[in-house]
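# Overview (structure and organization)
Read off the chains here:
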Protein chains: 4
Amino acid sequence: MSRGRLEIFSDAVFAVAITLLALNLAIPGPGHGPLAGQLAHQWQPFVAYLISFFTIGVVWVNHHALVSGFTVVTRSLLFLNLVLLLFVVLIPVATKLLAEYLTLSGFGAHLAAAVYGMVGEGSSASFILILEWALREGRMQSPVPPDRRRVARLRFYLGPMTYLLVIGAAFINPLLALGLSGAIDVYYIFEQTPTMVRGIARPDNADDG
Amino acid sequence: MSRGRLEIFSDAVFAVAITLLALNLAIPGPGHGPLAGQLAHQWQPFVAYLISFFTIGVVWVNHHALVSGFTVVTRSLLFLNLVLLLFVVLIPVATKLLAEYLTLSGFGAHLAAAVYGMVGEGSSASFILILEWALREGRMQSPVPPDRRRVARLRFYLGPMTYLLVIGAAFINPLLALGLSGAIDVYYIFEQTPTMVRGIARPDNADDG
Amino acid sequence: MSRGRLEIFSDAVFAVAITLLALNLAIPGPGHGPLAGQLAHQWQPFVAYLISFFTIGVVWVNHHALVSGFTVVTRSLLFLNLVLLLFVVLIPVATKLLAEYLTLSGFGAHLAAAVYGMVGEGSSASFILILEWALREGRMQSPVPPDRRRVARLRFYLGPMTYLLVIGAAFINPLLALGLSGAIDVYYIFEQTPTMVRGIARPDNADDG
Amino acid sequence: MSRGRLEIFSDAVFAVAITLLALNLAIPGPGHGPLAGQLAHQWQPFVAYLISFFTIGVVWVNHHALVSGFTVVTRSLLFLNLVLLLFVVLIPVATKLLAEYLTLSGFGAHLAAAVYGMVGEGSSASFILILEWALREGRMQSPVPPDRRRVARLRFYLGPMTYLLVIGAAFINPLLALGLSGAIDVYYIFEQTPTMVRGIARPDNADDG
């Protein structure tokens, strides 16, 4: 019941953020040159939209898998969850920024990509706070045994570690930074670590096909 | 429980998208000529609003009917569902584009209508991915028997097949494309295929009156 | 379960619409004259905001009371509910229009108030469609007995009948139209018709204090 | 069940409001000077964003703790809750106003900070209305005994009393007002009044760690 409300609030935030992403794709419209040309300039914003959409999607799926195994919801957890949401709602803003600067030369594009990477860093690092809360005693229906915690942690630490590379790559090539962000999405979409998944989430959510 | 969260997240996305549609109807306001004239120019955006509103509405009703019969929710299903949502959140953007170009002559209007059709194509085709996932063994409370699958598939394939016509019609007449989209809505609102509905959804949702 | 999803989707739409209302209050900001003056010009938009906020709030409370007594959810009901939502999401747009034109002299202010009244007419009339659906046999946990239906109908028909007056008043004085809309809110907030409420909603929702 | 719908609607409103906050951080974009400079001018809006984010977050957590203990949901409660939401949805608007005027000298900055404080005053004072409703007989699973009501009230009255200081501070220094608002957030995040919490919320929500 209490967990239910944590999930409803979080899902509503994820839903609003993921829908606002699409608004970034609006074009200037009539009076700003042929539509075909305007749409052709939208391919980079569109790729950024796709990658950010799945970034939020992956956060939602992982949040779902993690939270569904919790036996208690404490005041601390509610605030750790707010820290995660704080970064998730910045994703549409950072995506708009990146999309606007991606095609421009100069320092702006590098900086925009770095800001984009920092928002990803924040949201993936917030997940670790929630994981560490979850690993303490009495908080999960099927607690992760000590010898599997390393694997569980590895899976969650991989995100923030890779976003550090995204931030670094931003200063080399903004498109490389965006590509790396996309690779993080793909990893979490196709990632299959049965032992870990079984330890973290309940079987009815985890079995795949 | 797990299905509940899939439904809550999807419903929140549908709700935000359907509400953002209405924002496209905002007029320039004072200082842009008589209000009566501004409103008179809004009839095409208003028709586009109505049609897109029921497009999202139909997606919601069909999603409701389909998902309510699932016995499991797998990680794959969550991502197939995200693909559906990816297109649904583009509907307000594509509707705004169409509304802006509908009354203009030239290639822009044709292209805007084609983009609108492509978004509809994407959302209706995503439904097929979810249907095919559902038709595999052990996933529905009342599985569709093999001899009725053809009918079930037909109902879901009709949407994407008609949206191909919408895309084609866009290059003949944008209003024809919009009208065809409206016809797809009307089909799914009034569609009554008892055998199929009984196979797909639970009786308590399906009986109508 | 099925009713739950109808409620979640509707609540999400009401929530987005009611939150978007507040965005109409944004002022031009720095560089457009003293802030005190800008805020002073916001009192009419603020009154319009308050009235529309409680209009959506009343729709939510009444929807809650009515739907919580349903024993079935049919496909027809889902679409009748969509018709209601179609008008609810127009309330922020109509409120913005009214707020912009309210202080101007000329036909624009009358027309804007009439459009505002028509949106209210649409949303309150949609409720009647849902009521009539509900009054048919087998659809409510505590069906309204035939001799009380007149009272039940009266309560729901009062809204659309008064909105007709709002539309008429719009052409006399826009502020009168807005005031009448506020009066409809006040009526539904304080309305206490025990016999009727007991027939329509379950006791646990209806008892007040 | 009835309480569930109150929670879902409120959570959806909180979620939309908290996500809209982030949109205030959008920068002018290309053609308005170097991005580094534009971002540097965003630190005050960013601090305002952080503080308002946790203001809404605290409202959500406290709403959750309070409402989860209710045994009944009356029509009065629904409208008292709407009054709370009326102010919550104004938080993004007031935050945008404050962020725009914070760095400007002159009366505008003082006035913007005062408006910001008034919105906080409204939302925290609305909570008292809900608390007073809850303290009446038969409305909580674990009613607050008379001798603990003073402590319970104190906790809820502290918010609106401090926001009066925020409004006063606004006319001395807008940043001071913003800092005080942040202090209110911090108080409610770290506040631990075991006796009171045990009296107000159910143990499963209240135990922390």
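In case you missed it, the structure is sitting above this.
Described below are features of the structure shown in this document. Remember, predicted model here, so these are calculated numbers, not experimental data.

## Thoughts on the overall build of chain A
Each helix and strand counted, chain A has 10 helices and zero strands in total. Along chain A, helices and strands appear, N-terminal first, in the series α-α-α-α-α-α-α-α-α-α. Here chain A has a C-alpha radius of gyration of 19 Å; the compact-globule value for 209 residues is 17 Å, and the two agree. Principal-axis analysis of the C-alpha atoms gives chain A an extent of 60 × 35 × 35 Å. Counting the 209 residues in chain A, one finds 50% classified as buried. Nonlocal contacts in chain A, meaning residues at least 24 apart in sequence, comprise 81% of its contacts between residues at least 6 apart.

## Observations concerning the relation of the copies chain C and chain B
Mapping chain C onto chain B is achieved by rotating through 90 degrees and translating by 0.0 Å along the same axis, at an RMSD of 0.0 Å. This pairing of chains is accounted for by a four-fold axis. Distance from the rotation axis, computed per C-alpha, reaches its smallest value in chain C at A12 of chain C: 4.1 Å. Comparing interface residues between copies, only 10% of those in chain C also lie at the interface in chain B; the contact surfaces differ.

## Description of the packing of helix α7 (residues 146-170) of chain A against helix α8 (residues 174-190) of chain A
Residues and elements named next belong to chain A. Running from N to C, α7 and α8 cross one another at 165 degrees; their axes reach a closest spacing of 7 Å. Regarding the angle of α7 to α8, the classification is roughly antiparallel. Crossing of α7 over α8 shows right-handed handedness. Counted together, G159, T162, L165, V166, A169 and A170 of α7 and P174, L176, A177, L180, S181 and I184 of α8 form the full contact between these two elements.

## A closer look at the relation of the copies chain A and chain B
It takes a turn of 90 degrees to lay chain A on chain B, together with a shift of 0.0 Å along the axis; the resulting RMSD is 0.0 Å. Counting the interface residues of chain A, we find that no more than 10% of their copies in chain B are interface residues as well, pointing to two distinct contact surfaces.

## Remarks on the interface of chain A and chain B
On the chain B side, the residues contacting the 31 residues of chain A number 32 residues. Contributing elements (two or more residues each) for the side of chain A that touches chain B: α1 (2-23), α2 (35-40), α3 (43-67) and α10 (203-206) of chain A. Per-element tally for the side of chain A that touches chain B: the top contributor is α1 of chain A, with 11 residues. Of the residues contributing to the side of chain A that touches chain B, the split by class is 19 nonpolar, seven polar and five charged.

Here is what the cut-offs are and how they apply
Residues numbered from 1 in each chain as written. Chains lettered and ligands numbered in written order. Predicted model: local features only at pLDDT ≥ 70, side-chain atom pairs only at ≥ 80, totals over all residues. Helix = DSSP H or I, 4+ residues; strand = E, 2+ residues; numbered from the N terminus. Rg over C-alpha atoms; globule rule 2.2 N^0.38 Å. Buried ≥ 20, exposed ≤ 12 C-beta atoms within 10 Å, placed from the backbone. Contact = placed C-beta atoms within 7 Å. Least-squares fit on C-alpha atoms with pLDDT ≥ 70 in both. Axes fitted to C-alpha atoms, helices over the stretch in contact; angles between N-to-C directions. Parallel < 35°, antiparallel > 145°, perpendicular 65-115°, else oblique. Left-handed = near helix turned anticlockwise from the far one by under 90°. Nonpolar A, V, L, I, M, F, W, Y, C, P; charged D, E, K, R; others polar.

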